[in-house]
Amino acid sequence: MNALPPYAQALGIELDHDEDGLPVLSVDFSERIQGRPGFLHGGAISGLMEMAAIAALRAELERRGEAMKLKPVNVQVEFMRGGTEQRTYAMGTVTRAGRRVALVNAECWQDDRSKPIALAQMKVLLSPAE
Amino acid sequence: MEEPKSLNDLPPGFVFDPARAAKLMTRHGHGGWLGLTYHAHGPDWVELALPWREELVGVAETGVLASGPIISLMDNATSMSVWTLSTRFVAHATLDLRVDYMRAAVPGRTVIGHGECYKLTRTIAFIRGIAHDGDPDDPVAHVIGTFMATHGTYL
């Protein structure tokens, strides 16, 4: 897997583990990702889920042996619970990756995997890498 | 009066002043780390600025900003536009946010986030906005979303 970008590294986002070939990212709580006092910032949660979505898509394309350039088209984020001061995880799943466009879902959770704090759906334009 | 540490410390009924509040919202936490600053405001809109810096880059080879900082910029600018239209600070949570990426922001350029609240109900605020890197007619991103008042009401 490609190294995480400077933004992810600066926030402390890291590859936590692989789950059936899908990368799970995680980040420890810090003031850098705090929104209102005691809670995670929605933008930081979105950033983490986007990283997880892209990581899942890269993993899928790598499995297929396809070298593609990725360009995000849009993302829809749903916030369902406030994120609190603890370790946060995100994982993406590729719903559909064709030759030109990919649809990737991502989920974000904390201590209870069955109670996600946010969901994201991301659309990415694919083009053959030079 | 002692300078409040966060918006939650403001007394109830406090008339919302975007320029002053932006200083609080952008000094601590994620907004502070991103380096967000107040840019301008009107009756139902607020603009914040996100200066480019190395740590916020999403693609190391190109220097293009990650999308995360742009979402955070728009979350904060639209959030503040809600309180500006409501004229008071109300504790709320982002319900959803959709971001359409028109193009990559030019490396090195400051991104301006223009957030607008176009409808308030008692408990839901409807927002939209654009992010641009110099020319508002050539945006980097469009956003649309909703907030919900968690304690108290907007109207």
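Small disclaimer: the values here were computed from a predicted structure and weren't measured. (Residues numbered from 1 in each chain as written. Chains lettered and ligands numbered in written order. Predicted model: local features only at pLDDT ≥ 70, side-chain atom pairs only at ≥ 80, totals over all residues. Heavy atoms only, no water.)

## Considering helix α3 (residues 67–86) of chain B
Residues and elements named next belong to chain B.
Here is step 1 of the chain: Taking 1.5 Å per residue, 20 residues should reach 28 Å; α3 reaches 29 Å between its end C-alpha atoms and fits that length.
Here is step 2 of the chain: Of all 20 residues that make up α3, 19 are buried, and the element is covered over most of its length.
Here is step 3 of the chain: Just past α3, the residue T87 takes up positive phi, approximately 70°. (Helix = DSSP H or I, 4+ residues; strand = E, 2+ residues; numbered from the N terminus. Expected span 1.5 Å × (residues − 1). Buried < 20%, exposed > 50% of the residue type's maximum accessible area, 1.4 Å probe, protein only.)

## Points about the interface of chain A and chain B
Here is step 1 of the chain: If you look at the interface, chain A gives 27 residues, while chain B gives 30 residues.
Here is step 2 of the chain: Around 2,200 Å² of area is buried between chain A and chain B when both sides are counted, 54% of it from carbon and sulfur atoms.
Here is step 3 of the chain: Counting the contacts that link chain A with chain B gives one salt bridge.
Here is step 4 of the chain: For the salt bridge of B:E55 with A:R32, the shortest nitrogen-to-oxygen distance reads 3.9 Å.
Here is step 5 of the chain: The interface formed by chain A and chain B includes 13 residue pairs in polar contact (both at pLDDT 80 or more).
Here is step 6 of the chain: If you list the elements that add at least two residues to the side of chain A that touches chain B, you get α1 (6–11), α2 (42–64) and β3 (68–79) of chain A.
Here is step 7 of the chain: No other element matches the eight residues that β3(A) contributes to the side of chain A that touches chain B.
Here is step 8 of the chain: Split by residue class, the side of chain A that touches chain B holds 14 nonpolar, eight polar and five charged. (Contact = heavy atoms within 4.5 Å. Buried area = accessible area lost by both parts, 1.4 Å probe. Salt bridge = Lys/Arg side-chain N within 4 Å of Asp/Glu carboxyl O. Polar contact = N/O pair within 3.5 Å; in protein donor to acceptor, adjacent residues only side chain to side chain. Nonpolar A, V, L, I, M, F, W, Y, C, P; charged D, E, K, R; others polar.)

## Brief notes about the side chain of B:T26
Residue and element names in this part refer to chain B.
Here is step 1 of the chain: You can see T26 is positioned in the loop between α1 (18–25) and α2 (29–34).
Here is step 2 of the chain: Given a relative accessible area of 12%, T26 falls into the buried group.
Here is step 3 of the chain: In this structure the side chain of T26 is engaged in a polar contact, spanning 3.4 Å, whose partner is the backbone oxygen of L36.
Here is step 4 of the chain: Apart from residues no more than four positions distant in its own chain, T26 is found in contact with G31, G32, L36 and T37.

## Overview of the nonpolar core
Here is step 1 of the chain: Counting residues in each nonpolar core, the largest one holds 75 residues, and the members touching the most others are A:I13, A:M49, A:L57 and B:M80.
Here is step 2 of the chain: With residues up to four places along the chain from it excluded, the contact list for A:I13 reads A:L4, A:A8, A:L25, A:S26, A:V27, A:L48 and A:M51.
Here is step 3 of the chain: Counting residues in each nonpolar core, the second largest holds six residues, with A:V24, A:A56, A:Y89 and A:W109 among its members. (Core = buried A, V, L, I, M, F, W, Y, C linked by side-chain atoms within 4.5 Å.)

## Some points on the packing of aromatic side chains
Given two aromatic rings, their pairing is described by the distance between the two centres and the angle made by the two planes.
Here is step 1 of the chain: One pass over the full model with this rule turns up five aromatic pairs over all chains.
Here is step 2 of the chain: Taking 5.8 Å as the distance between ring centres and 15° as the angle between the ring planes, the aromatic pair formed by A:Y89 and A:W109 counts as stacked. In this pair, A:Y89 sits in strand β4 (residues 88–97) while A:W109 sits in strand β5 (residues 101–109), placing the two residues 20 residues apart along the sequence.
Here is step 3 of the chain: The buried category is assigned to A:W109, whose relative accessible area is 6%.
Here is step 4 of the chain: Seen in terms of ring centroids, B:Y118 and B:F126 are 6.3 Å apart; in terms of plane orientation they differ by 45°. Their pairing is tilted.
Here is step 5 of the chain: The exposure class of B:F126 is partly exposed, given its relative accessible area of 29%.
Here is step 6 of the chain: Aromatic ring contacts, followed pair by pair, group B:F16, B:W83 and B:F89 into a single cluster.
Here is step 7 of the chain: Taking the ring centre of A:F39 as reference, the NZ or CZ of A:R36 above it sits at 4.0 Å.
Here is step 8 of the chain: Sitting over the ring of A:W109, A:R113 keeps its end group 3.7 Å from the ring centre. (Phe/Tyr/Trp six-rings, centres within 6.5 Å; stacked < 30°, edge-to-face > 60°. Lys NZ or Arg CZ within 6 Å of the ring centre and 35° of its normal.)

## Here's the deal with the sheet that holds β4(A)
Here is step 1 of the chain: The strand order across the open sheet built from 12 strands is β1(A)-β2(A)-β4(A)-β5(A)-β6(A)-β3(A)-β5(B)-β8(B)-β7(B)-β6(B)-β2(B)-β1(B), with neighbouring strands paired in antiparallel fashion. Each edge of the sheet is formed by a strand with only one pairing partner; in this case those strands are β1 (14–19) of chain A together with β1 (37–41) of chain B. Each neighbouring strand pair of the sheet contributes to a mean axis angle of 25°, computed without reference to strand direction.
Here is step 2 of the chain: Strand direction decides the pairing type here: strand β2 (residues 22–27) of chain A and β4(A), joined by four bridges, are antiparallel. Bridging across to β4(A), A:L25 finds its partner in A:A90.
Here is step 3 of the chain: Sitting on the sheet, α3(B) touches β3 of chain A together with β1, β2 (45–50), β5 (91–101), β6 (111–120), β7 (124–132) and β8 (141–151) of chain B, and the angle it makes with β6(B) is about 40°. (Pairing = 2+ DSSP bridges. Axes fitted to C-alpha atoms, helices over the stretch in contact; angles between N-to-C directions.)

## Details of the environment of A:L11
Here is step 1 of the chain: You can see A:L11 is positioned in helix α1.
Here is step 2 of the chain: Along the sequence, A:L11 and A:A55 sit 44 residues apart, while their C-alpha atoms lie 16 Å from each other.
Here is step 3 of the chain: Residues contacting A:L11, with those up to four places away along its chain left out, are A:V27, A:R32, A:I33, B:H30 and B:W33.

## Considerations on the pattern of salt bridges
Here is step 1 of the chain: Counted according to the given criterion, the structure contains 14 salt bridges over all chains.
Here is step 2 of the chain: A salt bridge links A:E60 to A:R64, with the shortest nitrogen-to-oxygen separation between them at 3.1 Å. You can see A:E60 and its partner A:R64 sitting in helix α2, four residues apart, about one turn around the helix.
Here is step 3 of the chain: Taking the relative accessible area as the measure of exposure, A:R64 reaches 36% and is therefore partly exposed.
Here is step 4 of the chain: Among the salt bridges present, the one from B:E55 reaches B:R53, with a minimum N-O distance of 2.9 Å.
Here is step 5 of the chain: Judged by relative accessible area, B:R53 falls into the partly exposed class, the value being 24%.
Here is step 6 of the chain: Residues joined in a network through salt bridges with shared partners are A:E14, A:D16, A:D28 and A:R87.

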